[in-house]
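Listed below are the residues making up each chain.
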Amino acid sequence: MPSIDLRSDTVTQPTEAMRSAMAEAQVGDDVFGEDPTLNNLEAMAARKTEKEAAIFVPSGTMGNLISILAHCARGDEVILGDRSHIFLNEVGGMSALGGIHPHIVPNNDDGTLALDALEKVVRHTDIHYPPTRIICLENTHNYCQGAPLPLGYMREVAGFAKKHSLGIHLDGARIFNAAVALNVDVASLVQHVDSVMFCLSKGLSAPVGSLVCGTKQFILKARKLRKMVGGGMRQAGHLAAAGRVALENQIEPLKKDHQLARQLAQGLADITGLELNLEQVKTNIIFFKLNHPKVEPEAFLSHLESEKIKILMIDPAVFRAVLHREISQEQIVKVLSVCRACLD
Ligand code: TLP
C-alpha cells in the first residue's frame, strides 16, 4: 500500500506529461543563453506575471536569496515577517552571504504585516541605522496556514512602500494557490511588487525549479547573482520542459487540493483532542494542535506512521498537513479514520 504523504506538496512526482516533455526537450547551454526550452519557460513566466523578464533558478531559496541580493547592498535592511519562510527556513542567507540585516515584524494570523507595525520599523536617516531597502511579503503564507494575501492588502503595502521609497519582494512560492483561492489572475496579484519568486516544484508538481520575475534590469542583475551562487545550469531545458507543463496543466487542479484540505480540516476539527482554526484553512496547508489527555505527540505521529501516513511535526504538538495532486478523497477518509482510532 503506498504511503499517504502529507508532509509537503514538494513530495509530488512529475506527471506523465512532464516525463515525456523532459525526455523530448530541445536543450542547449543555458549559461550561453542557448537553451530554447529554458528561454521559452522564462518568457512564459514573464508573460504570466506580466513582468518584463524572468529567470529560472534551482530552488525557491535561491530565488529569494538572489532577489534580495539584487535589491540590496551590504548593510541594507529588509523588513519581513517573523513567521516568513525567508526568516525562518532559508539559513539566514541574506545576512550570511549578503551582509543584509533582517528586521522582523509580527505576522498576523492571516499572513499580513500590519501597516502600523511596518511604519514603526522603517528607518529614518540617522548615522546609527542601516537603511531600509525592501519589504518581503509571502503569498500564500506557509506558516500562517497557507493564508492567501488578498489583492487589496498587496495594494496597501505597495502604497506604503512607495511613500517610503522602498521596494517589495514577494516570496510567492505558492502564488498560484493564492490566485486560485482568491479567484484572481496571478498577474494582478503580483502587479504591485517589484519582484516575485514562485515555485514549480510544489503543488504544480514539477520535479525542480522556481522562477524570479521582475524588470529586465533586475533580472540581468539576478542572472549575474545566480551565477555567483552557483546556480548557472547547462542543459536545464530538461527541467524547464517539466516547468512548462506545470504552468500549462497544473494550475487549475490546485482547486481540488484546496477542497480536500477543507474536507480534511473539517474532519480533524471534529476529533476530540485536535484543535484547529477552520476559518483559516483557505488553500492547501493545514496546521493543527494535539491537546489530548492521554496521547503524546510522538505516539500520535508513530501511530500515523504505522498506518503509512506521514505528516510533519512543526513545533511540539503542532502538526502540518499539506494537500497535493497525489492525495485522493479516499485517502482523506482513511487519514481521518486513523486519527479517530488513535484519539477516541
Ligand atoms: N517550503 C518547504 C519547507 O522548506 C518548509 C515546505 O515544505 O513548505 N518559500 C516558501 C513559502 C516555502 O514554503 C518554501 C519551501 C520556500 C520558499 C523554499 O523553496 P525551496 O524548497 O525550493 O528552496
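For clarity, every value in this text was computed on a predicted model and none was experimentally measured. (Residues numbered from 1 in each chain as written. Predicted model: local features only at pLDDT ≥ 70, side-chain atom pairs only at ≥ 80, totals over all residues. Heavy atoms only, no water.)

## A short note on the nonpolar core
Core analysis: the biggest nonpolar cluster contains 54 residues, and Ile135, Leu137, Ile175, Phe176, Phe198, Leu200 and Leu247 have the highest contact counts within it. Counting residues per element, this core draws most heavily on helix α7 (residues 151–163), at seven residues. Non-local contacts of Phe176, meaning those with residues more than four positions away in its chain, are made with Lys48, Val186, Phe198, Leu204, Leu247, Ile251 and Leu254. (Core = buried A, V, L, I, M, F, W, Y, C linked by side-chain atoms within 4.5 Å. Buried < 20%, exposed > 50% of the residue type's maximum accessible area, 1.4 Å probe, protein only. Helix = DSSP H or I, 4+ residues; strand = E, 2+ residues; numbered from the N terminus. Contact = heavy atoms within 4.5 Å.)

## Comments concerning the packing of helix α2 (residues 36–49) against helix α11 (residues 237–249)
The contact between α2 and α11 brings their axes to 8 Å, and the two run at 30°. Handedness of the crossing formed by α2 with α11: left-handed. In this structure, α2 uses Thr37, Leu38, Asn40, Leu41, Met44 and Lys48 to contact α11, whose residues at the interface are Gly237, Ala240, Ala241, Gly243, Arg244, Leu247 and Glu248. Each residue belonging to the contact of α2 with α11 can be placed in one class, and the counts come to six nonpolar, four polar and three charged. (Axes fitted to C-alpha atoms, helices over the stretch in contact; angles between N-to-C directions. Left-handed = near helix turned anticlockwise from the far one by under 90°. Nonpolar A, V, L, I, M, F, W, Y, C, P; charged D, E, K, R; others polar.)

## Notes on the domain arrangement of the protein chain
Quoted interface sizes are often the accessible area lost when the parts come together. Segmenting the protein chain into domains produces domain 1 (14–249) and domain 2 (253–343). The gap between the C-alpha centroids of domain 1 and domain 2 is 29 Å. Contact with domain 1, which involves 18 residues of that partner, is made by 16 residues of domain 2. Surface buried jointly by domain 1 and domain 2 totals about 1500 Å² across both partners, of which 54% is contributed by carbon and sulfur atoms. It is Gln145, Asn177 and Val180 in domain 1 that bury the most area against domain 2; as a group they hold 40% of the surface buried on that side. Along the contact surface separating domain 1 from domain 2 lie zero salt bridges. Here domain 1 and domain 2 share six residue pairs in polar contact (both at pLDDT 80 or more) between them. When residues in the side of domain 1 that touches domain 2 are grouped by element, the largest group, four residues, is from helix α8 (residues 175–182). (Domains from an automatic or database assignment. Buried area = accessible area lost by both parts, 1.4 Å probe. Salt bridge = Lys/Arg side-chain N within 4 Å of Asp/Glu carboxyl O. Polar contact = N/O pair within 3.5 Å; in protein donor to acceptor, adjacent residues only side chain to side chain.)

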